[in-house]
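Chain by chain, the residues run as shown.
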Amino acid sequence: MMHPDRNMLRQLADGNLDATEAHPIEVHLASCTQCRMIVAFERDLVRALRETPLPQASPDFDPAVLRAVSRRNHPAATSRLPWVKYAAAGILISATLIVITLAGASGEEQSRSMLTPVFEQITSLIGPLANTFASQADSIIPTSCTQGNEVLRIFLLAMGALLVLGGLERLLLPHLKGLNHRP
Amino acid sequence: MEQSDNDIIQEILRGGHHGYAILLQRYRARVLSLTLRMIGHRADAEEAAQDAFIRAFRALRGFEQRARFSTWLYRIAYNTAVTYRQRQRMVTLPLDEEHDDTDAARIPPDRNLEYEELRKQVQKALDHLRPEYATLVTLFYLQDQSYDEIATITGLPLGTVKNRLHRARMELRAYVLKNYPSLEPTH
Ligand SMILES: [Zn+2]
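All values derive from a computational prediction rather than experimental measurement.

Chemist: I would appreciate a short explanation of the overall build of chain B in the present structure.
Modeler: If you tally the helices and strands in chain B, you get 9 helices and 0 strands. Taken from N to C terminus, the helices and strands of chain B fall in the order α-α-α-α-α-α-α-α-α. A fraction of 67% describes how many contacts in chain B between residues 6 or more apart in sequence connect residues 24 or more apart.

Below is the structure:
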């Protein structure tokens, strides 16, 4: 008996033959057990490959991926502390400035303490900046109350400091996060 | 009806986050099976698979839908696994190692062999295949990728993909047939 070419039997098993190619082979298969077995084997081989059991991922697989992705999408959501930090920093800066202002107003002799030089240093550093802020604000908000300028200056300076802090964190945090992010 | 991958991606790009979980659920095991075939080491394979998902999700906006999402994802997973393998200098499984499996040897040659037995043999054969062949076999039969898609995923020329898959199947067949001499051709 003339058996079909083995490669043709495999092609038939894989479903790669068109009807005209397949027909004579199928006629042969009807009367040839051996070729039938070869085709059946090839089909089982493919089926077994397709039914390769899939590995089970560990339970933390999805959560770790989702955490990493949401961290990137919402950087602020990962740490709720920044607001507390900003508020604390703001209060601290405001308090310092109030002390400086009051110390200046009440006369140097009486209130001179160990901290005064430090305050003077700070005032000389940020004083011009604060003045600029205050004069800017004066032109924006025309106010008749000149005494209000001092308060406004402190307020604007605190706001400015908060902005700088916030900006720094925005810039630096992703890099710091990136260092210890490992799923 | 099941939501298509592209619909899910559109939803994610519009700000929805539920889609990530669906895509993970859909492809987690398949991506892991690919990285596992390539890397061999379980923990590393899992880390590589997670990395691949994270990279893919972050780059979702860049997915142009010219290919199937699965092909795009497997390509990222493939490249991630390649990087892991290079980093860890994984030693590939020796192919010519003498295979001495008592279980397999005990199976009597039986013309009416049970499919379950054959399935076990095929899995063993797959484990003995060199990783670059086993990877292609996984992509073709398990991940249901075409020759063209596999060429895209691996960056291999189409001819190489076809050739390797042909050889891989020959090796698998030869391995399994060792235990079933009755199926060896007599013509
Ligand atoms: Zn025949």
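Chemist: Explain the coordination of the zinc ion here, please?
Modeler: Ideal values for angles at a metal depend on the geometry: 109.5 degrees with four tetrahedral donors, 90 or 180 degrees with six octahedral donors. Residues and elements named next belong to chain A. Coordination sphere of the zinc ion, protein contribution only: His3 (ND1), His28 (NE2), Cys32 (SG) and Cys35 (SG), at 1.9 to 2.3 Å. Each of the 4 donor atoms bound to the zinc ion contributes to angles spanning 104 to 114°, and the resulting shape is tetrahedral. On the primary sequence, the residues serving as donors to the zinc ion are separated as H-x24-H-x3-C-x2-C. Pair noted here: His3 is in the segment before α1 (6-14) and His28 is in helix α2 (residues 19-31), with a separation of 25 residues, a long-range link. Here His28 falls in the buried class, since its relative accessible area comes to 11%.

Chemist: Help me understand the confidence of the model for chain B in this model?
Modeler: Parts of the model with low pLDDT should not have their predicted coordinates read in detail. All names here are of chain B. Per-residue confidence for chain B gives a mean pLDDT of 85, with 82% of residues at or over 70. Within chain B, no element has a lower average pLDDT than helix α5 (residues 102-106), which sits at 35, and none a higher one than helix α8 (residues 147-154), at 97. Here the predicted complex scores 0.63 on pTM and 0.81 on ipTM.

Chemist: Honestly, the interface of chain A and chain B in this entry has me stumped. Any pointers?
Modeler: The parts lose accessible area when they come together, and the size of an interface is often stated as this lost area. In this complex, chain A contributes 42 residues to the contact, which on the side of chain B involves 44 residues. Buried area between chain A and chain B, both sides added, is near 4100 Å², and the carbon and sulfur share of it is 63%. Seen at the junction of chain A and chain B, the total is 5 salt bridges. Ionic pairing is found between Glu42(A) and Arg169(B), a salt bridge with its closest N-O pair at 3.0 Å. On inspection of chain A and its partner chain B, the count reaches 13 residue pairs in polar contact (both at pLDDT 80 or more). Secondary-structure elements contributing two or more residues to the side of chain A that touches chain B are α1, α3 (33-50) and α4 (61-73) of chain A.

Chemist: Please clarify how the nonpolar core should be interpreted in this entry.
Modeler: The tendency in soluble globular proteins is for nonpolar side chains to be buried side by side. In this structure, Phe53(B), Phe69(B) and Val137(B) are the most contacted members of the largest nonpolar core, which totals 65 residues. Examining the composition of this core, we find that 10 residues originate from one element, helix α4 (residues 69-88) of chain B, more than from any other. Among the nonpolar cores identified, the runner-up in size contains 11 residues, and Leu17(A), Ile25(A), Ile38(A) and Val39(A) belong to it.

Chemist: Any chance you could explain helix α6 (residues 115-128) of chain B here in plain terms?
Modeler: In this model, α6(B) (14 residues) spans 20 Å end to end at C-alpha, consistent with the 20 Å of a helix rising 1.5 Å per residue. Inspection of α6(B) places Tyr115(B), Leu118(B), Gln121(B), Val122(B), Gln123(B), Ala125(B) and Leu126(B) among the buried residues, and these make up the whole buried set.

Chemist: Whenever I open this one, the packing of α8(B) against helix α9 (residues 158-178) of chain B confuses me. Can you help?
Modeler: Helix packing for two helices is described by the angle between their axes and how far apart those axes are. Residues and elements named next belong to chain B. Interhelical geometry of α8 versus α9 gives an angle of 110° and a closest axis separation of 9 Å. Put simply, α8 runs roughly perpendicular to α9. Of the two possible hands of crossing, α8 and α9 adopt the one that is right-handed. The segment α8 lies against α9, with Tyr147, Asp148, Ile150, Ala151 and Thr154 engaging Leu158, Val161, Lys162 and Leu165. For the contact of α8 with α9, a count of residues per class yields 6 nonpolar, 1 polar and 2 charged.

Chemist: Help me understand the pattern of salt bridges, please; the structure alone is not making it clear to me.
Modeler: Two side chains bearing opposite charge may form a pair once their charged atoms approach each other closely. Counted according to the given criterion, the structure contains 17 salt bridges over all chains. Between Glu51(A) and Arg47(A) there is a salt bridge, with its nearest N and O atoms 3.3 Å apart. Here Glu51(A) falls in the partly exposed class, since its relative accessible area comes to 32%. Using a relative accessible area of 40% as the deciding quantity, one classes Arg47(A) as partly exposed. Three or more residues are tied together by salt bridges with common partners; here these are Arg10(A), Asp14(A), Glu42(A), Arg169(B) and Arg173(B).

Chemist: Quick question: what am I supposed to make of the environment of Asp51(B) here?
Modeler: Residue and element names in this part refer to chain B. Its place among the elements puts Asp51 in helix α3 (residues 42-58). Owing to a relative accessible area of 10%, Asp51 belongs among the buried residues under this scheme. Sequence spacing of Asp51 and Ile76 is 25 residues, and the spatial spacing of their C-alpha atoms is 9.3 Å.

Chemist: Where do I start with the packing of aromatic side chains in this structure?
Modeler: Scanning the model with the defined rule gives 10 aromatic pairs over all chains in all. Arranged with centres 5.0 Å apart and planes meeting at 40°, the rings of Phe63(B) and Trp72(B) form a pair that is tilted. With respect to class, Phe63(B) is no different from Trp72(B); both count as buried. Judged by centre distance (5.9 Å) and plane angle (40°), the ring pair of Phe69(B) and Trp72(B) falls under tilted. Taken as a pair, Phe69(B) and Trp72(B) lie in helix α4 at a separation of 3 residues, close to a single helical turn. Across the pair, exposure class does not vary: Phe69(B) and Trp72(B) are buried alike. Counting every residue linked through ring pairs, the aromatic cluster contains Tyr27(B), Phe63(B), Phe69(B), Trp72(B) and Tyr74(B). The lysine or arginine in question, Arg47(A), covers the ring of Tyr115(B), its NZ or CZ lying 3.8 Å from the ring centre.

Chemist: Is there a simple way to think about the side chain of Arg10(A) in this case?
Modeler: Topologically, Arg10(A) is positioned in helix α1. If we skip the residues at most four places from it in the chain, Arg10(A) touches Glu42(A) and Arg173(B).

Scoring rules and cut-offs
Residues numbered from 1 in each chain as written. Chains lettered and ligands numbered in written order. Predicted model: local features only at pLDDT ≥ 70, side-chain atom pairs only at ≥ 80, totals over all residues. Heavy atoms only, no water. Helix = DSSP H or I, 4+ residues; strand = E, 2+ residues; numbered from the N terminus. Contact = heavy atoms within 4.5 Å. Donors = N, O, S within 2.8 Å, 3.2 Å for Na, K, Ca; no water. Tetrahedral: all angles 85-135°; square planar, octahedral: opposite > 155°, others 65-115°. Buried < 20%, exposed > 50% of the residue type's maximum accessible area, 1.4 Å probe, protein only. pLDDT = per-residue confidence, 0-100. Buried area = accessible area lost by both parts, 1.4 Å probe. Salt bridge = Lys/Arg side-chain N within 4 Å of Asp/Glu carboxyl O. Polar contact = N/O pair within 3.5 Å; in protein donor to acceptor, adjacent residues only side chain to side chain. Core = buried A, V, L, I, M, F, W, Y, C linked by side-chain atoms within 4.5 Å. Expected span 1.5 Å × (residues − 1). Axes fitted to C-alpha atoms, helices over the stretch in contact; angles between N-to-C directions. Parallel < 35°, antiparallel > 145°, perpendicular 65-115°, else oblique. Left-handed = near helix turned anticlockwise from the far one by under 90°. Nonpolar A, V, L, I, M, F, W, Y, C, P; charged D, E, K, R; others polar. Phe/Tyr/Trp six-rings, centres within 6.5 Å; stacked < 30°, edge-to-face > 60°. Lys NZ or Arg CZ within 6 Å of the ring centre and 35° of its normal.

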